[in-house]
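Here are the chains, one letter per residue:
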Amino acid sequence: MPTLFHNVWNAHSVRTLPSGQTQLFVGLHLIHEVTSPQAFDMIRQHGWRVAFPERTFATVDHIVPTSVQKRPFIDLTAEEMTSVLERNCHEYGIQLYAPGASGGEHQGIVHVIGPEMGLTQPGMTIACGDSHTSTHGALGAIAFGIGTSQVRDVLASQSLALDPLKVRRINVDGHLRPGVFAKDVILTIIRRLGVQGGVGFAYEYGGSTVDRMTIDERMTMCNMSIEGGARVGYINPDDTTFRYIEGRPFAPQGPAFTRAVEWWRQIASTPDAEYDDVVHIDAGSIEPTVTWGINPGQSVGIHEAIATNADEEALTFMGFKAGARVEGTRIDVAFIGSCTNGRLSDLEEAAKIVKGRHVAPHVKALVVPGSQAVSRAAVARGLDQVFTNAGFEWRGAGCSMCLAMNPDKLEGNQICASSSNRNFKGRQGSPTGRTLLMSPAMVAAAAVSGEVVDVRAMLDEVHA
Amino acid sequence: MPAITSIAGRGLPLRGDDLDTDRIMPARFLRAVTFEGLENHVFEDDKKDNPNHPFNDAKYKGAAILVVNSNFGCGSSREHAPQGLARYGIQAIVGESFSEIFLGNSAVLGIPCFTAEKTAIEHLQAAIEKSPDLVIEADVANGVVSAGTLGIEATVPSGLRDAFVTDQWNPTAMLLADFDKVRAIAKGLPYVSGF
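Everything numeric in this text was worked out from a predicted model, so none of it was measured. (Residues numbered from 1 in each chain as written. Chains lettered and ligands numbered in written order. Predicted model: local features only at pLDDT ≥ 70, side-chain atom pairs only at ≥ 80, totals over all residues. Heavy atoms only, no water.)

Quick notes on the packing of helix α6 (residues 182-193) of chain A against helix α8 (residues 215-223) of chain A
All names here are of chain A.
Step number 1: Running from amino to carboxyl end, α6 crosses α8 at an angle of 25 degrees, the nearest separation of the two axes being 9 Å. With respect to α8, the axis of α6 lies roughly parallel. Crossing angle aside, the handedness with which α6 passes α8 is right-handed. Residues A182, K183, V185, I186 and I189 of α6 touch α8, and the partners they reach there are E217, T220 and M221. (Axes fitted to C-alpha atoms, helices over the stretch in contact; angles between N-to-C directions. Helix = DSSP H or I, 4+ residues; strand = E, 2+ residues; numbered from the N terminus. Parallel < 35°, antiparallel > 145°, perpendicular 65-115°, else oblique. Left-handed = near helix turned anticlockwise from the far one by under 90°. Contact = heavy atoms within 4.5 Å.)

Looking at the interface of chain B and chain A
Step number 1: The partner chain A presents 75 residues to the 55 residues of chain B that form the contact.
Step number 2: A buried area of about 5,100 Å², summed over both sides, lies between chain B and chain A, and 60% of it is on carbon and sulfur atoms.
Step number 3: The three residues of chain B that bury the most area against chain A are B:R31, B:Y191 and B:F195, which together make up 16% of that side's buried surface.
Step number 4: For the pair chain B and chain A, the interface holds 3 salt bridges.
Step number 5: Inspection of the chain B/chain A interface yields 23 residue pairs in polar contact (both at pLDDT 80 or more).
Step number 6: Within the residue set of the side of chain B that touches chain A, elements represented by two or more residues are α1 (21-24), α4 (100-108), α6 (158-165), α7 (172-177), α8 (179-188) and α9 (190-193) of chain B.
Step number 7: Residue composition of the side of chain B that touches chain A, by class: 25 nonpolar, 15 polar and 15 charged. (Buried area = accessible area lost by both parts, 1.4 Å probe. Salt bridge = Lys/Arg side-chain N within 4 Å of Asp/Glu carboxyl O. Polar contact = N/O pair within 3.5 Å; in protein donor to acceptor, adjacent residues only side chain to side chain. Nonpolar A, V, L, I, M, F, W, Y, C, P; charged D, E, K, R; others polar.)

Considerations on helix α13 (residues 344-354) of chain A
Step number 1: Taken residue by residue, α13(A) has A:L344, A:D346, A:L347, A:A350, A:A351, A:I353 and A:V354 as its buried positions.
Step number 2: Two residues or fewer after α13(A) comes A:G356, characterised by a positive phi angle close to 80 degrees. (Buried < 20%, exposed > 50% of the residue type's maximum accessible area, 1.4 Å probe, protein only.)

Some thoughts on the sheet that holds strand β5 (residues 95-97) of chain A
Residues and elements named next belong to chain A.
Step number 1: An order of β5-β4-β3-β6-β7 is seen for the 5 strands of this open sheet, with the pairing classed as parallel. Strand pairing shows two members of the sheet lacking a second neighbour, β5 and β7 (142-145), which therefore form its edges. Strand-to-strand twist across the sheet, computed as the mean angle between neighbouring axes with direction ignored, equals 20 degrees.
Step number 2: As paired elements, strand β3 (residues 28-31) and strand β6 (residues 125-128) share 3 bridges and run parallel to each other. Following the sheet pairing, H29 is matched in β6 by A127. (Pairing = 2+ DSSP bridges.)

Let's talk about the state of the cysteines
Step number 1: Within the structure shown, the criterion is met by 0 disulfides over all chains.
Step number 2: Of the cysteine sulfurs around A:C222, a residue in no disulfide, the closest is that of A:C339, at 12 Å.
Step number 3: For A:C222, a relative accessible area of 0% gives the class buried.
Step number 4: Of all cysteine sulfurs, the one in B:C74 lies closest to B:C113, which takes part in no disulfide; the gap is 13 Å.
Step number 5: Overall, the relative accessible area of 2% leaves B:C113 in the buried class. (Disulfide = S-S within 2.5 Å.)

Regarding the domain arrangement of chain A
Residue and element names in this part refer to chain A.
Step number 1: Structurally, chain A comprises domain 1 (4-162), domain 2 (166-238 + 263-284) and domain 3 (289-463).
Step number 2: Computed over C-alpha atoms, the centres of domain 1 and domain 3 are 28 Å apart.
Step number 3: On the domain 3 side, the residues contacting the 22 residues of domain 1 number 23 residues.
Step number 4: Buried surface at the junction of domain 1 and domain 3, summed over both partners, amounts to about 1,800 Å²; 56% is from carbon and sulfur atoms.
Step number 5: Among the residues of domain 1 in contact with domain 3, T66, I109 and H132 are the three that bury the most area, contributing 34% of the side total.
Step number 6: Inspection of the domain 1/domain 3 interface yields 15 residue pairs in polar contact (both at pLDDT 80 or more).
Step number 7: Taken together, the residues that form the side of domain 1 that touches domain 3 break down as 8 nonpolar, 11 polar and 3 charged. (Domains from an automatic or database assignment.)

Observations concerning the pattern of salt bridges
Residue and element names in this part refer to chain A.
Step number 1: In this structure the tally under the stated criterion is 34 salt bridges over all chains.
Step number 2: Measuring nitrogen to oxygen at the nearest pair gives 2.7 Å for the salt bridge that ties E204 to R169. In this pair, E204 sits in strand β10 (residues 201-206) while R169 sits in strand β9 (residues 166-173), placing the two residues 35 residues apart along the sequence. One exposure class covers both E204 and R169, and it is buried.
Step number 3: Across the pair D454 and R456 runs a salt bridge, and its minimum N-O distance is 2.9 Å.
Step number 4: Relative accessible area serves as the criterion here: at 18%, R456 is assigned to the buried category.
Step number 5: Each of R177, E287, D454 and R456 takes part in a single network of salt bridges with overlapping partners.

Re the side chain of B:Q125
Step number 1: Relative to the assigned elements, B:Q125 resides in helix α5 (residues 118-130).
Step number 2: In this structure B:Q125 comes out as buried when scored by relative accessible area, which is 0%.

What to know about the sheet that holds strand β1 (residues 13-16) of chain A
Step number 1: An order of β1-β2-β8 (chain A) is seen for the 3 strands of this open sheet, with the pairing classed as antiparallel. On the outer flanks of this sheet lie β1 and β8 (159-162) of chain A, each paired with one strand and no other. Shown here is a sheet whose adjacent strand axes are inclined to one another by a mean of 25 degrees, direction ignored.
Step number 2: Across the sheet, α8(B) is in contact with β1 and β2 (22-25) of chain A; its angle to β1(A) comes to roughly 145 degrees.

Brief notes about the environment of A:V151
All names here are of chain A.
Step number 1: Within the fold, V151 resides in helix α5 (residues 148-157).
Step number 2: The exposure class of V151 is buried, given its relative accessible area of 1%.
Step number 3: Put simply, V151 and V278 are 127 residues apart on the chain and 32 Å apart in space, counted from C-alpha to C-alpha.

Here's the deal with the packing of aromatic side chains
Step number 1: Evaluated as defined, the whole model comprises 17 aromatic pairs over all chains.
Step number 2: With a centroid separation of 6.1 Å and 45 degrees between ring planes, the pair formed by A:W263 and B:Y191 is classed as tilted. Residue A:W263 is located in helix α10 (residues 255-267), and its partner B:Y191 is located in helix α9; the two belong to separate chains. In this structure, A:W263 and B:Y191 share a single accessibility class: buried.
Step number 3: Seen from their ring centres, B:F43 and B:F55 are 5.1 Å apart, and the 40 degrees between their planes marks the pair as tilted. With a gap of 12 residues between them, B:F43 in the loop between α1 and α2 (44-49) and B:F55 in the loop between α2 and β2 (65-67) connect regions that are remote in the sequence. Of the two residues, B:F43 and B:F55, both sit in the buried class.
Step number 4: Through a chain of ring-to-ring contacts, three or more aromatic side chains come together here, namely A:F242, A:F257, A:W263, A:W264, B:Y191 and B:F195.
Step number 5: Directly above the aromatic system of A:F73 lies the positively charged group of A:R71, at a separation of 5.1 Å from the ring centroid. (Phe/Tyr/Trp six-rings, centres within 6.5 Å; stacked < 30°, edge-to-face > 60°. Lys NZ or Arg CZ within 6 Å of the ring centre and 35° of its normal.)

Below, the structure is given as structure tokens:
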């Protein structure tokens, strides 16, 4: 029996191209300022039009400053790239959410605003010029990261030339222990299956642990599918999904919503669906997890030693010795944000740890909400005060220090406890900067302790 | 757009697994609205860090065929990475495995990514290191990469292989060729028609 992947693939297959690839219709196209300008230039050169402008939505996130978001931006390149996107969207009739323009209050990281606006829906195909597009799979969509020439193709034809993927079912069963989060689950999966393990596969996550997860948690899981090599990650839509979508600005309303739920249930994988591979993960055995290396598969449980045969290049770059622990590593910077962990629930979990404590004197700590809507919701709950009282900087929405295309970057060989998704060499803006990936609660714990610690010790204090 | 059946040129062996696109093209070079000049920044930080980096090595200057190990181009979907390599002069990449997004981005630029067994890649890298002037021939149609007396089985995924040899590797025109079908599929999707 078919999986959701196959159902969605079949529903969106336009035709088999002469090459044997499939022409796949793209239901939702999301664009941002960094990977789209060249695509617009190409369609302009060829005299193509945008085929379905109402199916493309734009925002600015990658380069956008998070300190002051008043236009014009102080960073002239950021201003130029935003202006170019504004002109392109205006010329082709595409909805843009950017600071300083109408709809600007909806600006945010493209993978945060899609779901929160109700644009992301089950059964859709979604493409965006960003590898973390897999995030949208949390709502039962099949979502692909693409390059700029493919952005051009989607603009021009609302479709892509693709080969189908195999499907690996990843069952996560059991109860996560307190202080263990979706981030720890996905880091554990990537460690187990490897950073290349998902090449050629879509990852379908399920099992009792995933069934109980909120959509925010599911997004954290699907977001990092690409770090395991899987271009697509998804979770079958269920009542949690439908409740999340209902009432959002672009969600179907009234009787249409009822009909939509019916269709969404139909396209999900059936219990007897056949998979190319099945993997089981025991949730109860997962520890708070931190990376020690230069790819997201190089991680350990917080009390675990780095393997004695660990990769030499990674150890040297990071300054760790084989057999050592990451626990106790002094940090310089703490970053809470990104499309992986920049949502309201992430900030809430971090705030629980931060409340009543203070950032260690030697640590620079920042919170960058994933969207302006996340920021507003957090402010309404007083979270901004919790963070600023503790010595965190409270910023505007954007990708910020996840990839450091704006002024938020590491200096020299600083070590950053980060809730983001990649610990690649140079990722956070300094060629020698070092990234330790972990959950937002673990980042918060590291920020106030000045070093990497087990957040669970602090949870006990919170509860006491 | 010509058919690409075979590429010949000198090789550039670049050893290492999981070389991500942040390393190929650091994000600060994405701060521009064109791809111009990216050839000057390929592996910039790795080159600075390592004077012996193959991209620093004069004997590989002018190479057209990059030979890499596994999971090359993982991470970010930035087309700036293959754009930089293409503008640098790379016309084909042979490796153990590639990230799918990178492989697709390269294909659209007319750069086939060939996949071969680990030991075959090691032999090829060693052959180039020994004789940098060796002319490598990467045959898309037949799935063979040869270097002097060495010949290895190296294939491009079949859909892309056929696209290369039938000059349809840049697919926009093809995707627009039967646009009525695109409209028909759209019309039949419940979420497009508003449920």
